[in-house]
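Below, each chain spelled out in residue letters.
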Amino acid sequence: MPILKQGEFVGSLDCGTTSVRFIVFDQYANIVSQHQSEFPQYYPNPGWHEHDPEEIQEISEECITQACAKLEEAGWAKESVKVIGITNQRETTVAWSRATGEPLCKAIVWTDSRTKNTVAHFEHLLATTGIEVEPGQFKTGEEGVEALRDITGLKLSTYFSGIKLRWMIDNYSEVQKAHDEDDLLFGTIESWVVYNLTGGVQGGIHVGEVTNASRTLLLNLRKLTWDERLLTFFDFRQSILPKLVSSSEVYGHLSHGPLKGVPIGGLIGDQQGALVGNKCLCQGEAKCTYGTGAFLLFCTGKDIVNSGHGLLSTVAYQPGPGAAPVYALEGSIGVAGSAIKWLRDSMGFIKSASEINTLAASVPDTGGVYFVTAFSGLLAPYWDPGAAGLLIGLSSYTTPAHIARATMEATAFQTRAVLESMKLDSRTKLEHLKVDGGMTNGDVCMEILADMGGFDVVRPDMRESTALGSALLAGSAIRLFGWDMSKPATLAEVNTKGSRTFNPHMPEEDREKGWTAWLRAVERSKGWDEGVYE
Ligand SMILES: Nc1ncnc2c1ncn2[C@@H]1O[C@H](COP(=O)(O)OP(=O)(O)O)[C@@H](O)[C@H]1O
Ligand SMILES: O=P(O)(O)OC[C@H](O)CO
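A quick note: this is a predicted structure, and the numbers were derived from the prediction, not measured.

## A closer look at the packing of helix 1 (residues 53-73) against helix 6 (residues 189-197)
No. 1: Axis separation between helix 1 and helix 6 bottoms out at 10 Å; the angle between their running directions is 60°. The hand of the helix 1/helix 6 crossing is right-handed. Contact residues: Pro-53, Glu-54, Ile-56, Gln-57, Glu-61 and Ile-64 in helix 1; Ile-189, Trp-192, Val-193, Asn-196 and Leu-197 in helix 6.
No. 2: Split into classes, the residues belonging to the contact of helix 1 with helix 6 amount to seven nonpolar, two polar and two charged.

Following this line, the structure appears as structure tokens:
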């Protein structure tokens, strides 16, 4: 065995919706080593989407092990990894037993829309009894909706974890029993993974990070505390909830594996991770990440901006325990890359995701086809759980190539819709959009986005922004390389590699014609599925 060099690196575990990766970065954000694996997706009923929490854990540990082996093959000792960060798909909900440390059911994934009736129940409750905002003072109807948004930044939706957890308790006897007997532990993916990496049932810590917590419908967005009024409204006992922690601090140490003893110093939801990784740390900066879904986050600095146009207010990051949080406005699009995956896995139109670019480029336009990719209803800015996937404008002329192109246009149209809301809420027009995520690997995807959206699309060369975000937070927690999240200037040398800009070329008139047709297609898709699968 050759003598291995000692370096100083930071690791990032990125637990996404379809794959997990562990990436080792140096101080400039060069990737020194990485390993990635996809994991199984379960769709047991229409509208349902599940993950096996144990599979996520196993794959996470395997990625760490393999990336460390590759680091050593490259001549570096694994002790060079000084700290790790974790970033994750956000609203996906895990319920496990305090006594055994084992999951009580499969995780309900953020895309899953089985909870429509649960949402309807709470909408009714809000409209009638209302929410008790002060002792004895209830807000009902529109005032109740406003009060909920004021506390959480969110609206009632199948998307958020609190609703998914309520459904688990109401529908799985094991989860209900655990809740009743105070054996239940709830967490989003960062919480589950940290619990296991720090020892699981043998001393593992039960923490929840604030950006992830801001997606539960249980967090007070201003105070960054679990809000008792919401616990009463949704009827949860407090003891099931993880201890809240900031996005950057040493939470604990890895209890096993090749990085045993290394501190975990950064936790962040993946979309906020990408915001941080793109160094959009100040008011007015924005990015959009195109993975399974697409998520446009606009940093609003120290202010919480309430959206009047279908966006969410969310925590962007909290740079340390007790530190003032930074907030963001978010437009969440449920389906982006997952529609490409669907064309590959269910329709057989393509053999690999990247092939969609060649297929779509083989025709000049969609031949009049529009695809509203409402596989689990529509999220921002439409928020219609009853919207159904809709392909419209089909004719004998239509080929898979037209549908492939319409699939990419669907993401571009939804991005434009979110940007229009963001313009109204923030009174700022973005001159360009910084992008990353798996779908941005395709040039044709980027050209269609620029053309249909009508804005410049800026794609950085190093696009592992999500992982980089959690690495920056982790490094900052131990002041590795002098990084300090509360002083953005200390990150100036990170990821200064170039970027490529895609400009719109389509005539304005054609773009507007397409946009008008898209809006008509969305109207036809809305309200189609009135809970037939509950
Ligand atoms: N070359 C490509 N062109 C277009 N889409 C792609 C390409 N490569 C991957 N994708 C899409 O990107 C998605 C994966 O991106 P990723 O950022 O890893 O997602 P996640 O974090 O949600 O798991 C897949 O849904 C896939 O369809
Ligand atoms: O894992 P991604 O990139 O699909 O992101 C999922 C989001 O966090 C869901 O809100």
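Having seen it, we continue.
## Thoughts on the site of ligand 2
No. 1: The environment of ligand 2 is made up of Gly-16, Thr-17, Gln-89, Arg-90, Glu-91, Trp-110, Tyr-159, Asp-270, Gln-271, Thr-292 and Phe-295.
No. 2: Measuring from an oxygen atom of ligand 2, one finds a side-chain N or O atom of Glu-91 at 2.6 Å.
No. 3: Note that an oxygen atom of ligand 2 is positioned 2.8 Å from one of the side-chain N or O atoms of Tyr-159.
No. 4: Here ligand 2 loses 93% of its free accessible area of 310 Å² to cover by the protein chains.

## Things to note about the site of ligand 1
No. 1: Close contacts around ligand 1 come from 20 residues, with Thr-18, Arg-21, Thr-292, Gly-337 and Gly-438 the closest.
No. 2: A distance of 2.5 Å is found between an oxygen atom of ligand 1 and a side-chain nitrogen or oxygen belonging to Thr-18.
No. 3: Measuring from an oxygen atom of ligand 1, one finds a side-chain N or O atom of Thr-292 at 2.5 Å.
No. 4: For ligand 1, the protein covers 84% of the area, taking 590 Å² as the surface of the free molecule.
No. 5: If one sorts the elements of the shell around ligand 1 by residue count, helix 10 (residues 337-345) sits on top with four residues.

## Looking at the pattern of salt bridges
Between side chains of opposite charge, pairing is possible as soon as their charged atoms come close.
No. 1: Under the definition given, this model contains 28 salt bridges.
No. 2: The salt bridge partner of Arg-215 is Glu-91, with a shortest N-O separation of 2.8 Å. Placement of Arg-215 in the loop between helix 7 (210-213) and strand 12 (219-220) and of Glu-91 in the loop between strand 5 (81-88) and strand 6 (93-97) is noted, with a sequence separation of 124 residues between them. Taken as a pair, Arg-215 and Glu-91 share a single burial class, namely buried.
No. 3: When salt bridges with common partners are traced through the structure, they connect Arg-90, Glu-91, Arg-215, Asp-270 and Glu-330 into a single cluster.

## Some points on the packing of helix 10 against helix 12 (residues 400-426)
No. 1: In the contact formed by helix 10 and helix 12, the axes pass within 9 Å of each other and the chain directions differ by 160°. The orientation of helix 10 relative to helix 12 falls into the category roughly antiparallel. Note on packing geometry: the crossing formed by helix 10 with helix 12 is right-handed. Across from Ala-339, Ile-340 and Leu-343 in helix 10, the residues of helix 12 making contact are Ile-403, Ala-404 and Thr-407.
No. 2: Within the contact of helix 10 with helix 12, the residues separate by chemical class into five nonpolar, one polar and no charged.

## Describing the UniProt feature "domain: Carbohydrate kinase FGGY C-terminal" (unreviewed entry) in the protein chain
No. 1: UniProt annotation of "domain: Carbohydrate kinase FGGY C-terminal" (unreviewed entry) refers to residues 286-477 when read in the numbering used here.
No. 2: As annotated, residues 286-477 comprises 35% helix and 22% strand, and the C-alpha atoms at either end are separated by 24 Å.

## Describing the packing of aromatic side chains
Where two aromatic rings form a pair, the distance of their centres and the angle of their planes describe that pair.
No. 1: In total, this model carries 22 aromatic pairs according to the counting rule given.
No. 2: Seen from their ring centres, Tyr-159 and Phe-160 are 4.9 Å apart, and the 40° between their planes marks the pair as tilted.
No. 3: Judged by its relative accessible area of 1%, Tyr-159 falls in the buried class.
No. 4: Note on Phe-160: relative accessible area 0%, which makes it buried.
No. 5: An aromatic cluster is defined as three or more aromatic residues linked by ring pairs; in this entry it consists of Trp-110, Tyr-159, Phe-160, Phe-295 and Trp-383.
No. 6: Above the ring of Trp-76, the side-chain terminus of Lys-5 is found at 4.3 Å from the ring centroid.
No. 7: Across the ring face of Trp-167, the terminal group of Arg-114 is positioned such that the distance to the ring centre comes to 4.7 Å.

## Describing the state of the cysteines
No. 1: According to the stated counting rule, one finds zero disulfides in the structure shown.
No. 2: Cys-63 forms no disulfide, and the closest cysteine sulfur to it belongs to Cys-15, at a distance of 8.3 Å.
No. 3: The thiol sulfur of Cys-288 is not disulfide-bonded, and the nearest other cysteine sulfur, from Cys-280, lies at 11 Å.

Parameters and conventions
Residues numbered from 1 in each chain as written. Chains lettered and ligands numbered in written order. Predicted model: local features only at pLDDT ≥ 70, side-chain atom pairs only at ≥ 80, totals over all residues. Heavy atoms only, no water. Axes fitted to C-alpha atoms, helices over the stretch in contact; angles between N-to-C directions. Helix = DSSP H or I, 4+ residues; strand = E, 2+ residues; numbered from the N terminus. Left-handed = near helix turned anticlockwise from the far one by under 90°. Contact = heavy atoms within 4.5 Å. Nonpolar A, V, L, I, M, F, W, Y, C, P; charged D, E, K, R; others polar. Near = heavy atom within 4 Å. Polar contact = N/O pair within 3.5 Å; in protein donor to acceptor, adjacent residues only side chain to side chain. Areas by Shrake-Rupley, 256 points an atom, 1.4 Å probe, with all protein chains shown as cover. Salt bridge = Lys/Arg side-chain N within 4 Å of Asp/Glu carboxyl O. Buried < 20%, exposed > 50% of the residue type's maximum accessible area, 1.4 Å probe, protein only. Parallel < 35°, antiparallel > 145°, perpendicular 65-115°, else oblique. UniProt positions renumbered as here; feature names shortened; annotations may be inferred. Phe/Tyr/Trp six-rings, centres within 6.5 Å; stacked < 30°, edge-to-face > 60°. Lys NZ or Arg CZ within 6 Å of the ring centre and 35° of its normal. Disulfide = S-S within 2.5 Å.

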